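# Structural overview for review
Letter by letter, the chains look like this.
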Amino acid sequence: MSEPLRIGVLGAARISGASLIGPARATGHRVVAVAARDRSRAEAYAAEHGVERVAGSYAELIADPEVEVVYNPLANGLHGPWNLSALAAGKHVLSEKPSASNAEEASEVREAAAKAGTVFMEAFHYLFHPVTRRLHEVLASGEIGELRHVEAMVAIQAPADSDPRWSLPLAGGAVMDLGCYSLHALRMLAPWAGGAPRLVSARGGERAGAPGVDEWLDADLAFPGGATGSARCHMAYTGLEMSCRIIGSRGEVLAPNFVLPHRDDRVVVRTGDSERTERLGTRSSYTYQLEAFADRVRGGTPLPLDADDAVTTMTLIDAAYRAAGFEPRPRVS
């Protein structure tokens with residue numbers, strides 16, 4: 001193995017245990033520092049997860065010469081500002097999605113990444129798991145025929161009212177937290193659909209007590225080759241659903257949970273009267289993602305995600321918001 005990455009983590013978010021700490025441990029990379037708004041939280045986090053040391057602030061962590069990769073799992077509205085800060089310091093950045101609050105800010109992040117000459121990637125981890133790769137392989141093979149329609153639905157039960165995902169100033173909302181996966185999954189089918197999809201229409205519902213914040217949103221898309229798509233999300237659903245169904249002229253392929261495939265690694269292929277279920281393994285998609293990111297940093301191996309891709313996704317998110325009667329998310333003031 002090449003030299004381990006030296007990673008610094010912004011914030012003491014719960015997600016980091018599964019999204020970074022576990023994968024780093026599994027792949028031999030070092031988590032050298034963590035910073036949080038409350039130093040005691042950072043100290044508890046470091047003790048729990050075996051992080052080497054605690055930095056006094058986000059800025060101090062970013063300035064640390066031993067930190068070469070900054071992982072940013074902060075609230076959505078803090079992705080853009082701290083991505084910009086880390087890139088300005090010449091760090092590689094693995095940012096939780098979305099990369100910024102809106103397309104304008106995402107474009108600034110892209111410019112900063114180009115200027116820095118470092119690796120920037122938005123953490124659409126699902127794309128690196130064999131489940132998603134298999135969806136694409138089945139479509140590419142012609143087994144289910146020509147692409148006709150795709151449906152992606154990402155829904156969870158409601159977080160607490162105090163959760164930052166319900167905060168407009170922190171760029172919250174169902175599309176930002178969940179719908180970005182649905183829209184991204186549709187975008188990734190462009191090679192088999194005659195090109196990138198365009199938004200046709202969208203409708204959504206506002207969260208009670210949170211003006212301007214979407215509780216759910218459904219977007220309809222169309223591909224140049226004639227196929228259609230439905231990208232749906234719901235952040236106050238009856239249960240958990242994270243499915244992607246690709247329908248072709250001769251059959252269909254379904255991933256019951258494409259976002260968290262370690263919970264359900266099935267891919268179901270139906271053609272004519274036949275149906276088969278393939279199991280692709282419950283190794284974490286976050287582990288595959290960190291391996292791919294490290295290969296890019298250490299060996300220059302190409303990635304399917306970069307700052308350009310992040311801008312395209314954010315542009316589509318902004319368009320979906322406008323079409324459904326919402327405003328794009330504001331930048332943190």
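Keep in mind the model is a prediction, meaning the values are calculated, not measured.

### Side note on the packing of aromatic side chains
Two numbers describe a pair of aromatic rings. These are the distance of the centres and the angle of the planes. As enumerated under the stated definition, the model contains six aromatic pairs in all. Both rings, one in Phe124 and one in Tyr126, keep their centres 6.3 Å apart while their planes meet at 85°; by these two values the pair is edge-to-face. For Phe124, a relative accessible area of 0% puts it in the buried group. Judged by centre distance (6.2 Å) and plane angle (80°), the rings of Tyr126 and Tyr181 are edge-to-face. Taken together, the positions of Tyr126 in the loop between β6 (120–122) and α6 (130–141) and Tyr181 in helix α7 (residues 174–187) put the pair 55 residues apart, joining distant regions of the chain. Comparing Tyr126 with Tyr181, the two get one shared label, buried. A cation sits over an aromatic face here: Arg207 above Trp166, 4.2 Å from the ring centre. Over the face of the ring belonging to Tyr288 we find Arg283, whose NZ or CZ atom lies 4.7 Å from the ring centre.

### Observations concerning the layout of surface pockets
In this structure, the largest pocket occupies an estimated 1300 Å³ of space. Lining the largest pocket are 38 residues, and of these Ala13, Arg14, Ile15, Pro73 and Arg165 lie nearest its centre. Those elements giving two or more residues to the lining of the largest pocket turn out to be α1 (15–27) and α7. When grouped by side-chain class, the residues that make up the lining of the largest pocket number 21 nonpolar, seven polar and 10 charged. Considered as a void within the structure, the second largest pocket measures approximately 250 Å³ in volume. For the second largest pocket, the lining is made up of 13 residues, of which Leu127, Thr132, His136, Met188 and Pro304 are closest to its centre.

What counts, and at which threshold
- Residues numbered from 1 in each chain as written.
- Predicted model: local features only at pLDDT ≥ 70, side-chain atom pairs only at ≥ 80, totals over all residues.
- Heavy atoms only, no water.
- Phe/Tyr/Trp six-rings, centres within 6.5 Å; stacked < 30°, edge-to-face > 60°.
- Buried < 20%, exposed > 50% of the residue type's maximum accessible area, 1.4 Å probe, protein only.
- Helix = DSSP H or I, 4+ residues; strand = E, 2+ residues; numbered from the N terminus.
- Lys NZ or Arg CZ within 6 Å of the ring centre and 35° of its normal.
- 1 Å grid on protein atoms, 1.4 Å probe; cavity = no way out; pocket = protein on both sides within 12 Å on 5 of 7 lines; lining within 4 Å.
- Points joined across faces, edges and corners; volume = space filled by probe spheres on them.
- Nonpolar A, V, L, I, M, F, W, Y, C, P; charged D, E, K, R; others polar.

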